[in-house]
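Letter by letter, the chains look like this.
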Amino acid sequence: NDGITVPSPVQEQAIPAILDGKHAVLQSGTGTGKTLAYLLPLLQKLQDPAAGRAVVLTPATELAMQIARTAAEYKIEALTVGTATSSASHGRQKARITKSTRLIIGTPGRILELYAARKMKGVQTMVIDEPDPILNSSHGDYLREILSRPEPKVQLIMAAATFGPASKSLVKKRMGEDYVHIEPKDNPLHSSIDHHFITPKGKMGKDVCLARFIEENKCKKAIVFVNQPDTIRHLFRYLNEHNLKTVTLSKDRSKNDRQNAVKDMGMGKARVLVTTDAAARGLDFPDVPWVFHYDLPSSPEAYVHRAGRTGRAGKTGRSVSILTDKTRSKLKMFAKILEIECTPFQRHG
């Protein structure tokens, strides 16, 4: 129903290992199909009542909702899926997660509250999608404690494009020798994405430079990354005033606003999505040809996550950084570490 006919390399390797009950580390570029690589075998296992329950932890509400939608699409009817996210009402959520809920998807705060309230009995499989921000947050220690309990034995699956020290240390402690590390060779960062930069001319501001670029290059759909929430508000006003239909994702928007922004972007009602790294981690918009770094990210890893919003599922995309004299050397350093070639953008035709 979504045009998938052959498994992607990460799916091909992950599905048998997870069905086999092995701990698994799925390290693969964004847009390579990691979500289905763990969801499909999970949904198959959960058809057997003896498989107990499974939980998927993810750092952001939007990502949790997206995974839940994907699960709903592929699961058998009898299997109940519940979500537990930080932005939904406590009462409604508790009612939604009962003893018969076999797959629970949510953000760390809510999932760990359910553990503390002893509502998570029988969990035999845990997936941590994007483990770094979770393990480095205030919830990290409690999560490590849960995973260190001798009973029940939990099959642990971790999925991300990049793994930092906290994730690597958890793999070492909890997975021991007997785990499968899946890291397909094909990296969309190199094969599917072109990396460019543009520089505002003279006294032109970055906002003018961005709006002009989107218009001149007829960018039909773009995600713009910024570092500060104030910049989100400014660009929302500025781009909409210039008839570039823009929506935003940020921590201070209501759950409803954020869902509408994601929906408008997915349906092509909006042309530009302005967001910070935290709000967009793991989001999947299947067909976004352009990613803009209005502000350069803080690290090469963050660049990978941003750029990976384009060039997904076999399509090609462009990642464009808006540079000032101050940020030129930083981009050079990222390019060197990530082994990408970053060239000045030239219009074709």
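Remember, predicted model here, so these are calculated numbers, not experimental data.

Novice: Requested: an account of the overall build of the chain, with residues and values cited.
Specialist: Of the regular secondary structure elements, the chain holds 15 helices and 14 strands. Compactness check: the chain gives a C-alpha radius of gyration of 21 Å against a globular reference of 20 Å for 349 residues, within 12% of the reference. Across its three principal axes, the chain shows a C-alpha extent of roughly 65 × 40 × 40 Å. Expressed as a percentage of its 349 residues, the buried residues of the chain come to 52%. Long-range pairs, those at least 24 residues apart, make up 75% of the contacts in the chain with a sequence separation of at least 6. On the chain, roughly 16700 Å² of surface is accessible, and the fraction owed to carbon and sulfur atoms is 52%. Averaging the coordinates of the 52 positive side-chain charges in the chain and doing the same for the 35 negative ones gives two points 4 Å apart.

Novice: Please give an account of the packing of aromatic side chains that cites residues and values.
Specialist: As enumerated under the stated definition, the model contains 6 aromatic pairs in all. Taking 6.0 Å as the distance between ring centres and 5° as the angle between the ring planes, the aromatic pair formed by Trp290 and Phe292 counts as stacked. Residue classification places Phe292 among the buried residues on the basis of a relative accessible area of 0%. Pairwise contacts between aromatic rings join Phe213, Trp290, Phe292 and Phe345 into one cluster. When the ring centre of Tyr294 is taken as reference, the NZ or CZ atom of Lys206 above it lies at 4.8 Å.

Novice: Break down the pairing of strand S6 (residues 155-160) for me, with residues and values.
Specialist: With 6 of 6 residues buried, S6 is to be regarded as a mostly interior element. Residues of S6 alternate between two faces, with Gln155, Ile157 and Ala159 on one and Leu156, Met158 and Ala160 on the opposite face, all of them buried.

Novice: Mind laying out the state of the cysteines, listing which residues take part and the relevant values?
Specialist: Across all of its chains, the model carries 0 disulfides by this definition. Looking at the unpaired Cys209, the closest cysteine sulfur is the one in Cys219, lying at 11 Å. Distance from the sulfur of Cys342, which forms no disulfide, to the nearest cysteine sulfur (Cys209) is 14 Å. Classification of Cys342 as buried rests on a relative accessible area of 18%.

Novice: Describe helix H15 (residues 328-338), and please don't skip the residues or the numbers.
Specialist: Of the positions making up H15, those classed as buried are Leu331, Phe334, Ala335 and Leu338. The buried side chains of H15 occupy one side of the element, clustering within an arc of 100° when seen end-on. More than 90 degrees from the buried face of H15, the exposed residues found are Ser329, Lys332, Lys336 and Ile337. At the C-terminal side of H15, Glu339 shows a positive phi close to 55°.

Novice: Describe the sheet that holds strand S13 (residues 317-322), with residues and values.
Specialist: On the basis of which strands lie adjacent, the open sheet formed by 7 strands has the order S10-S11-S9-S12-S13-S8-S14 and parallel pairing. Each edge of the sheet is formed by a strand with only one pairing partner; in this case those strands are strand S10 (246-249) and strand S14 (342-344). With strand direction ignored, the average angle separating the axes of adjacent strands in the sheet is 25°. The pairing of strand S8 (residues 193-198) with S14 spans 3 bridges and is classified as parallel. Looking at S14, one finds that Phe197 is bridged to Pro344.

Novice: Run through the sheet that holds strand S4 (residues 103-106), naming residues and quoting values.
Specialist: Across a sheet, strands are paired by hydrogen bonds formed along the backbone, either parallel or antiparallel in direction. Ordered in space as S3-S4-S2-S5-S6-S1-S7, the 7 strands form an open sheet in which the pairing is parallel. Both edges of this open sheet fall to strand S3 (81-84) and strand S7 (179-182), since each of them pairs with a single strand only. Averaged over all adjacent pairs, the angle separating strand axes in this sheet is 15°, with direction ignored. Where strand S1 (residues 23-27) lies against S6, 4 bridges are found, and the strand directions are parallel. Following the sheet pairing, Gln27 is matched in S6 by Ala160. Packing against the sheet, helix H1 (residues 9-19) makes contact with S1, S6 and S7, and its axis sits at approximately 170° to S7.

Novice: With reference to specific residues and values, describe the packing of H1 against helix H2 (residues 34-45).
Specialist: The packing of two helices is summarised by the inter-axis angle and the distance between the axes. Running from N to C, H1 and H2 point in directions that differ by 30°, and their axes come no closer than 8 Å. By the angle between their directions, the pair H1 and H2 is classed as roughly parallel. The interaxial crossing formed by H1 with H2 has right-handed handedness. Between H1 and H2, the residues in contact are Val10, Gln11, Ala14, Ile15, Ile18 and Leu19 and Lys34, Leu36, Ala37, Tyr38, Leu40, Pro41, Gln44 and Lys45, respectively. For the contact of H1 with H2, the class distribution of residues is 10 nonpolar, 2 polar and 2 charged.

Novice: With reference to specific residues and values, describe the packing of helix H10 (residues 206-216) against helix H11 (residues 229-241).
Specialist: Where H10 meets H11, the closest approach of the two axes is 11 Å, and the angle between their N-to-C directions is 45°. By the angle between their directions, the pair H10 and H11 is classed as oblique. Between H10 and H11 the crossing geometry is right-handed. Facing H10, whose interface residues are Asp207, Val208, Leu210 and Ala211, H11 presents His234, Leu235, Tyr238 and Leu239.

Novice: Can you break down the environment of His139 residue by residue, with the values?
Specialist: Its place among the elements puts His139 in the loop between helix H6 (131-135) and helix H7 (140-148). His139 has contacts with Pro108, Gly109, Leu112 and Ile134, leaving out every residue within four places of it along the chain.

Novice: Break down unusual backbone geometry for me, citing the residues and quoting the values.
Specialist: Here Glu151 and Pro152 are connected by a cis peptide whose omega angle stands at -15°. Mapping Pro152 onto the fold places it in the loop between H7 and S6. Here the phi dihedral of Glu130 falls at roughly 65°; this positive angle occurs in a residue that is not glycine. Structurally, Glu130 can be placed in the loop between strand S5 (123-129) and H6.

Criteria and cut-off values
- Along each chain, the written sequence defines residue order, and numbers are assigned to residues from 1.
- This being a predicted model, a pLDDT of at least 70 is required before a residue's local features are given, and a value of 80 or more before pairs of side-chain atoms are given or counted; all residues contribute to the totals for chains, interfaces and linings.
- The side-chain figures draw on all heavy atoms in the structure; neither hydrogens nor water molecules are used.
- Strands are runs of DSSP state E lasting at least two residues, helices are runs of H or I lasting at least four, and both sets are numbered from the N terminus onward.
- The globule rule is 2.2 Å times the number of residues to the power 0.38, and the radius of gyration it is compared with is taken over C-alpha atoms.
- Three labels apply to residues, based on accessible area from a 1.4 Å probe with only protein chains included: buried if under 20% of the type maximum, exposed if over 50%, partly exposed otherwise in between.
- Between two residues, a contact is recorded if the distance between any of their heavy atoms is within 4.5 Å.
- Exposure was quantified through the Shrake-Rupley algorithm and a 1.4 Å probe, taking into account, for residues, occlusion by the shown protein chains and nothing else.
- Here Asp and Glu are counted as negative and Lys and Arg as positive; His is not counted, and neither are the chain ends.
- To locate a charge, the coordinates of NZ of Lys, CZ of Arg, CG of Asp or CD of Glu are taken.
- Working definition: rings of Phe, Tyr and Trp (its six-membered ring) pair if their centres are within 6.5 Å, and the pair is stacked with planes under 30 degrees apart, edge-to-face with planes over 60 apart, and tilted otherwise.
- Comment: the charge-over-ring label is applied if NZ (Lys) or CZ (Arg) is within 6 Å of the ring centre and within 35 degrees of the ring normal.
- Working definition: a disulfide is two cysteine sulfur atoms within 2.5 Å of each other.
- Throughout, the arc means that of the directions going from the helix axis to the C-beta atoms.
- Here, any two strands with at least 2 DSSP bridges between them count as paired.
- Interaxial angle, 0 to 180 degrees, is taken between N-to-C directions of lines fitted to C-alpha atoms, where a helix line uses only the stretch in contact.
- The cut-offs work like this: below 35 degrees is roughly parallel, past 145 is roughly antiparallel, 65 to 115 is roughly perpendicular, and the gaps in between are oblique.
- Handedness of a crossing is defined here by the sense of rotation of the near helix relative to the far one, left-handed for an anticlockwise turn of less than a right angle and right-handed for a clockwise turn.
- Only Asp, Glu, Lys and Arg are considered charged, only Ala, Val, Leu, Ile, Met, Phe, Trp, Tyr, Cys and Pro nonpolar, and every remaining residue, Gly among them, polar.

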